[in-house]
Amino acid sequence: MSFSSDLKSELFEIMPKSLHCRLAELSGIISISGRTEESDGKNRFIIRVENDGMEDKTIKLLKLVLENQDIDILKQNQAKHHRKLIINNEDSVEKLKKRCKLQEDGFRFSVNEIVSERNCCKASYIRGAFLAGGSVGDPKKSNQLEIAAVSKAEATRLVRDLKLLGLSAKSLLRRDRYIVYIKDGNTISDLIGMMGATSSLMVYEEARIVKDVRNNINREVNCESANIAKTVNAAAKQMEDIKYIDEKIGLDKLPDNLKEMAKVRIENPYLPLAELGGCFIPPLGKSGISHRLRKLSQIADDLRNKEEKL
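All values derive from a computational prediction rather than experimental measurement. (Residues numbered from 1 in each chain as written. Predicted model: local features only at pLDDT ≥ 70, side-chain atom pairs only at ≥ 80, totals over all residues. Heavy atoms only, no water.)

1. Focus: the pairing of strand β9 (residues 170–174)
So, step 1. Here five bridges tie β9 to strand β10 (residues 177–182), and the two strands are oriented antiparallel to one another. Note on β10: the bridge partner recorded for Ser171 is Val180.
So, step 2. Here β9 folds back onto β10 in antiparallel fashion, the turn holding two residues, of which Arg175 has a positive phi close to 55°. (Pairing = 2+ DSSP bridges. Helix = DSSP H or I, 4+ residues; strand = E, 2+ residues; numbered from the N terminus.)

Shown next, in the form of structure tokens:
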């Protein structure tokens with residue numbers, strides 16, 4: 001199973017204790033997956049569910065919200081991921097609309113904002129919306145959480161509610177759905193915790209830590225590789241300059257300090273500057289080594305320029 005599936009499985013088991021939070025979570029589900037459908041001249045109230053866990057939780061919420069353990073809910077499975085829960089009883093439908101503050105918007109529903117007025121209800125509403133239309137990427141690979149809303153207004157409402165809870169999210173239009181998304185790992189972690197999935201939160205944080213450590217190691221290795229390449233290239237240029245000087249005028253024509261520098265570099269072609277200084281008696285610092293090598297490079301360049309002018 002994916003991390004997203006595991007997270008939802010944990011959220012399926014969470015049942016708000018207060019009625020107002022139960023209303024908010026059910027309303028969040030309906031805002032994404034609820035709709036009306038005409039059949040035999042009557043409008044049927046339908047909630048789409050994608051699996052057993054979502055089906056069981058939605059039914060539990062419906063029974064608790066409507067205070068009717070014997071409510072008639074028809075289960076219809078059109079395909080593996082196209083299940084429907086259908087409420088035919090008009091009294092139950094009207095009671096549901098009233099309690100969840102549902103307003104018909106074509107064949108969809110919008111939810112009055114009073115349902116998620118409290119912060120605890122905002123978290124419950126977002127949990128319902130996530131269960132109905134959300135997903136989160138594998139934390140080992142990327143930071144990405146999405147909720148597919150059915151309208152721009154619903155996406156705006158989710159972004160606003162998240163902001164009021166201290167979480168930053170954005171939205172975009174993708175095909176026929178408005179996608180509310182979060183790409184910041186810390187924000188995703190906070191939202192998972194806010195929805196109540198403590199086990200998934202620990203898994204997510206552990207994966208993030210491992211990924212961060214691995215990325216830091218890779219950065220250090222890349223940095224070290226770049227430094228080694230830089231050292232090797234610089235040393236190769238120094239060797240080339242020294243050989244050119246030796247061919248054109250001979251190293252014995254150099255001042256004693258530069259002649260000694262040239263010989264030490266030839267004997268230690270790829271030794272880093274800091275270690276190269278230890279080959280002198282008394283030892284030289286890195287700046288002293290750099291100064292002498294620059295002098296040798298300048299002499300080689302001057303000899304090349306003279307040769308070009310001839």
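2. Side note on the nonpolar core
So, step 1. If you look at the biggest cluster of nonpolar residues, it comprises 56 residues, and the most contacted ones within it are Phe45, Leu96 and Ile147.
So, step 2. Broken down by element, this core gets its largest block of residues, seven residues, from helix α2 (residues 19–33).
So, step 3. Residues in contact with Ile147, not counting those within four places in the same chain, are Ile32, Ile126, Ala129, Phe130, Gly133, Gly134, Leu158, Tyr178, Ile179 and Val180.
So, step 4. Leu254, Leu258, Val264 and Leu303 belong to the second largest nonpolar core, which has 16 residues in total. (Core = buried A, V, L, I, M, F, W, Y, C linked by side-chain atoms within 4.5 Å. Buried < 20%, exposed > 50% of the residue type's maximum accessible area, 1.4 Å probe, protein only. Contact = heavy atoms within 4.5 Å.)

3. A closer look at a nonpolar patch on the surface
So, step 1. A contiguous nonpolar surface patch, about 340 Å² in accessible area, is contributed by Ile209, Val213, Ile217 and Val221.
So, step 2. Position of Val213 among the secondary structure elements: in helix α8 (residues 198–248).
So, step 3. Since its relative accessible area comes to 43%, Val213 is described here as partly exposed. (Patch = residues over 30% accessible without salt bridge, like charges linked within 9 Å, V, L, I, M, F, W, Y side chains within 5 Å. Areas by Shrake-Rupley, 256 points an atom, 1.4 Å probe, with all protein chains shown as cover. Salt bridge = Lys/Arg side-chain N within 4 Å of Asp/Glu carboxyl O.)

4. Some points on unusual backbone geometry
So, step 1. The step from Ile281 to Pro282 runs through a cis peptide bond, and the omega angle for that step is -5°.
So, step 2. The phi angle at Arg175 is positive, at roughly 55°, despite the residue not being glycine.

5. Remarks on the environment of Asp212
So, step 1. With respect to the secondary-structure elements, Asp212 resides in helix α8.
So, step 2. Looking at Asp212, the relative accessible area reads 38%, which means it is partly exposed.
So, step 3. Placed 72 residues apart in sequence, Asp212 and Lys140 show a C-alpha to C-alpha distance of 9.5 Å.

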